[in-house]
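Close look at the chain arrangement
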Amino acid sequence: MKDNTKSSIRVRIAPSPTGTPHIGNTRTALLNYLFAKHNNGAFILRIEDTDQARIVEGAVEAIEEILNWLGLVPDERYVQSQRLDLYKEKADELVQKGLTKKENGAVRFIIPNNRTLEWTDAVGNKKISFHSNDVEDFIILKSDGFPTYHLASVVDDNDTNISHVFRGEEWISSTPKHLLLYQAFGWIPPVFVHLPVIVGPDKQKLSKRHGAKSVLDYRDEGYLKEALLNFMVLLGWNPGGDREIMSMEEMIQLFDLKDINSSSPVFDAKKLEWMNGVYIREAQISNLKSQILAQNLKLTEISDAQLEKIIPIAQTRMKTLKEFNELVMPFFEQVEIKLDDKEKEVAHTLVQSLANVEVWNNEAILVVLKQIMQGEKLRMPILYKILTGKESGLPISDMLEIVGKEKTLEKLIRST
Ligand code: GLU
């Protein structure tokens, strides 16, 4: 560990409430959380709302909602706009020391000449160095009495004993300013952990263009939180080897700063989808059931007992929970199915034959379907279409058994 590491591990995420968290800042939250939990430290949420003009209504709630959903629950939380007195006091301290100039009610910090500003970044353990002559004087307190990001961030990181600052590498150019503030106050800076930005397949900074969505959108589209966490962690860190699938407990256990990637990870939407499929296949039925119901799908016609039988059948065929609807509703929903004359004839035969099935189960249903296919020289997609409106999907006899005889016949008669 470096000399300036404080004894106990305390980290923070410092989102500005300017929108819904995306994959990038949620990944930062996850890495902070893992580092804190691995070290029995504290994970702190600080809302950076000092730029009042950029605040978006509902953004704080969205941040909390995402952290709660993912289980990244902060140990402490606070809001910068409730601490204005502290920033004012600290700005005054720098004024007293003669390190600032006042212009139109704003306080600007004067950069000293000929200083080298450097730190060893924990990412890749590399030395990053700036010359103070290349840094411009900067405002620390605005005329509206609010601090700027630079002042508030340094004052808070010090005041709350933050040991490691994890943030995106786009903040590297702010760090020399922060180091100067630490020097001016006589404080020890934390360890900096600047995470490489996530890029799209074209190597440009990740954005909506690349199919990246807000984390709430992923949730609403039926991604499991376990899959999203696992996917996100690999965008910043991996424990080495080929290991990819990890539970939260394993990530906490294995997490090590030295394994943070030092090059930009590429966001791959297909990989996320694949990983979600892996997690869906491994998930407990009860867990999937509650998440499927929480998706607010139109499952009203399906009983609890039916759901519990359908989920294991659908489980191996879904990449997102949203697909559950598309796979299952054709068996329940009444839709008009366009059939030609020959198909209509088959539909009538089907009604008669299925009506004669006494013990309504998978095997008996399959016998009837096979007889009709042979007798009428038909292939399964035609029967599938007559029964569901689609040509393929979940195993038909398993599904019809669950749907039940009465409902199957009723639907068949009405739709043909
Ligand atoms: N408010 C900044 C952000 O939105 C925080 C940067 C930092 O972690 O210092 O990313």
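The text that follows walks through the structure, step by step, so that each part is easy to find. On a predicted model such as this, the values are computed, not experimentally measured, just so you know.

1. What to know about the sheet that holds strand S8 (residues 138-141)
Strand order in this open sheet of 3 strands is S4-S5-S8, and the pairing throughout is antiparallel. The open sheet has two free edges, formed respectively by strand S4 (100-103) and S8, since each of these has just one partner strand. On average, each strand axis in the sheet is inclined to that of its neighbour by 40°, with strand direction left out of account. Relative to strand S5 (residues 106-109), S4 runs antiparallel, the two being bridged by 4 bridges. Opposite Glu103, over in S5, you have Ala106 as the bridge partner. Each of S4, S5 and S8 touches helix H3 (residues 84-96); the most contacted strand, S8, lies at about 130° to it.

2. What about the site of the ligand?
Near the ligand, the surroundings consist of Arg12, Ala14, Ser16, Glu48, Tyr149, Arg167 and Trp171. A distance of 2.7 Å is found between an oxygen atom of the ligand and a side-chain nitrogen or oxygen belonging to Arg12. Within the complex, 81% of the 300 Å² of free accessible area of the ligand lies under protein. At a threshold of 2 Å from the grid points, most atoms of the ligand map onto the largest pocket. Partitioning the shell around the ligand into residue classes produces 3 nonpolar, 1 polar and 3 charged.

3. Observations concerning the packing of helix H10 (residues 285-294) against helix H11 (residues 304-315)
One way to put it is that H10 packs onto H11 with a least axis distance of 10 Å and a crossing angle of 105°. Comparing their axes, H11 and H10 come out roughly perpendicular. Contacts between H10 and H11 involve Ile285, Leu288, Lys289, Ile292 and Leu293 from the former and Asp304, Leu307, Glu308, Ile311, Pro312 and Gln315 from the latter. A breakdown of the residues in the contact of H10 with H11 according to their chemical character gives 7 nonpolar, 1 polar and 3 charged.

4. Topic: the environment of Ser397
With respect to the element layout, Ser397 can be found in helix H16 (residues 396-403). Note: C-alpha distance between Ser397 and Asn362 (35 residues apart in sequence) is 4.9 Å. Leaving out residues up to four positions away in the same chain, Ser397 has contacts with Asn362, Ile365 and Leu366.

5. Section: the packing of aromatic side chains
This model, assessed by the stated rule, comprises 13 aromatic pairs. When the centroid spacing of 4.6 Å and the interplanar angle of 50° are considered together, the rings of Tyr149 and Trp171 count as tilted. In this pair, Tyr149 is assigned in helix H4 (residues 149-159) and Trp171 in the loop between strand S9 (164-168) and helix H5 (175-185), connecting sequence segments 22 residues apart. Grouping aromatic residues by their ring pairs yields a cluster made of Phe35, Phe166, Trp237 and Phe255.

Rules and cut-offs
In every chain, residue numbers begin from 1 and rise along the written sequence. This being a predicted model, a pLDDT of at least 70 is required before a residue's local features are given, and a value of 80 or more before pairs of side-chain atoms are given or counted; all residues contribute to the totals for chains, interfaces and linings. Excluding hydrogens and water, the side-chain figures rest on all heavy atoms present in the structure. By the convention used here, strands pair only if DSSP detects at least 2 bridges between them. Numbered from the N terminus, helices here are DSSP runs of H or I no shorter than four residues, and strands are runs of E no shorter than two. To obtain an axis, a line is fitted to C-alpha atoms, over the contacting stretch when the element is a helix, and the angle between two such axes runs from 0 to 180 degrees between their N-to-C directions. Throughout, a contact is declared for two residues whenever any of their heavy atoms are within 4.5 Å. We call a residue near a molecule or strand when any one of its heavy atoms sits within 4 Å of it. Polar contacts, as counted here, are pairs of nitrogen or oxygen atoms within 3.5 Å of one another; within protein the pair requires one atom able to donate a hydrogen and one able to accept it, and residues that are adjacent in sequence qualify only if both atoms are side-chain atoms. Using a 1.4 Å probe, the Shrake-Rupley method yields the accessible areas, and only the shown protein chains count as cover for residues. Here a cavity means grid points, on a 1 Å grid over the protein atoms only, where a 1.4 Å probe fits yet cannot get out; a pocket means an open set of points with protein on both sides within 12 Å along at least five of seven lines; lining residues are those with an atom within 4 Å of a point. For this analysis, a molecule is said to be in a pocket or cavity if more than half of its atoms are within 2 Å of the grid points defining it. In this classification, Asp, Glu, Lys and Arg are treated as charged, Ala, Val, Leu, Ile, Met, Phe, Trp, Tyr, Cys and Pro as nonpolar, and every other residue, Gly included, as polar. Each angle receives one of four descriptions, namely roughly parallel if under 35 degrees, roughly antiparallel if over 145, roughly perpendicular if within 65 to 115, and oblique otherwise. Two rings from Phe, Tyr or Trp (for Trp, the six-membered ring) form a pair when their centres sit within 6.5 Å of each other. Planes less than 30 degrees apart are called stacked, planes more than 60 degrees apart edge-to-face, and all others tilted.

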